[in-house]
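Survey of secondary and tertiary structure
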Amino acid sequence: MESGRRYTADRGRLIDPQVEAATEDAYDLSARVARGEGKLYRLGLYLTVHAASSEELADEVTAVRSLAASLLMDAKPTTYRSLQAG
């Protein structure tokens, strides 16, 4: 964004207001991240993994957990158990 702004200014063209606003937002965001002012959100996402065998299931779960870790997400296994009818 900054290089685009400089290129436009060097050519004597008017600066696009949307680019100007996006650049200012990016600077503000980078400053807040540097100061550690980012907000954390808690989100629950439940996935069901299907497999033909327990070994294949273990492999699939490992793949899902690896993918989640690469996205900086913490994946934890959960189980489902129905309540006893009364």
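This report concerns the structure included in the present document. Keep in mind that this is a model prediction, so the values were computed, not measured.

Concerning the overall build of the protein
Each helix and strand counted, the protein has 3 helices and 0 strands in total. When the backbone C-alpha atoms are referred to their principal axes, the protein occupies close to 75 × 30 × 25 Å. Relative to its full complement of 86 residues, the protein shows a buried share of 5%. When the accessible surface of the protein is summed, it comes to about 8300 Å², and 55% of that surface belongs to carbon and sulfur atoms. With 11 positive and 13 negative side-chain charges, the protein shows a spacing of 6 Å between the two charge centroids.

Considerations on the pattern of salt bridges
This structure, assessed with the given rule, holds 2 salt bridges. In this structure, Arg32 engages Asp28 in a salt bridge whose closest nitrogen and oxygen atoms are separated by 3.3 Å. Separated by 4 residues within a single helix, Arg32 and Asp28 lie in helix 2 (residues 17-34), roughly one turn from each other. Judged by its relative accessible area of 34%, Arg32 is partly exposed. Among the residues examined, Asp28 registers a relative accessible area of 38% and is labelled partly exposed.

Some points on unusual backbone geometry
One non-glycine residue, Leu72, lies in the positive phi region at around 60 degrees. With respect to the helices and strands, the residue Leu72 is situated in the segment after helix 3 (54-70). You can call Leu72 exposed: its relative accessible area is 81%.

Some details on a negative patch on the surface
Residues Glu55, Glu56, Asp59 and Glu60 make up a contiguous surface patch of negative charge. For Glu55, the location among the structural elements is in helix 3. A residue is classified by how much of its surface remains accessible, and Glu55, at 56% relative accessible area, is exposed.

Digging into the side chain of Thr23
Relative to the helices and strands, Thr23 resides in helix 2. Exposure remark for Thr23: the relative accessible area of 2% places this residue in the buried category. There is a polar contact of 2.8 Å between the side chain of Thr23 and the backbone oxygen of Val19. When sequence neighbours within four positions are dropped, the list of residues in contact with Thr23 reads Met1, Glu2 and Arg5.

Thresholds, definitions, all that
Residues numbered from 1 in each chain as written. Predicted model: local features only at pLDDT ≥ 70, side-chain atom pairs only at ≥ 80, totals over all residues. Heavy atoms only, no water. Helix = DSSP H or I, 4+ residues; strand = E, 2+ residues; numbered from the N terminus. Buried < 20%, exposed > 50% of the residue type's maximum accessible area, 1.4 Å probe, protein only. Areas by Shrake-Rupley, 256 points an atom, 1.4 Å probe, with all protein chains shown as cover. Lys, Arg positive; Asp, Glu negative; His and termini not counted. Charge placed at Lys NZ, Arg CZ, Asp CG, Glu CD. Salt bridge = Lys/Arg side-chain N within 4 Å of Asp/Glu carboxyl O. Patch = residues over 30% accessible without salt bridge, like charges linked within 9 Å, V, L, I, M, F, W, Y side chains within 5 Å. Polar contact = N/O pair within 3.5 Å; in protein donor to acceptor, adjacent residues only side chain to side chain. Contact = heavy atoms within 4.5 Å.

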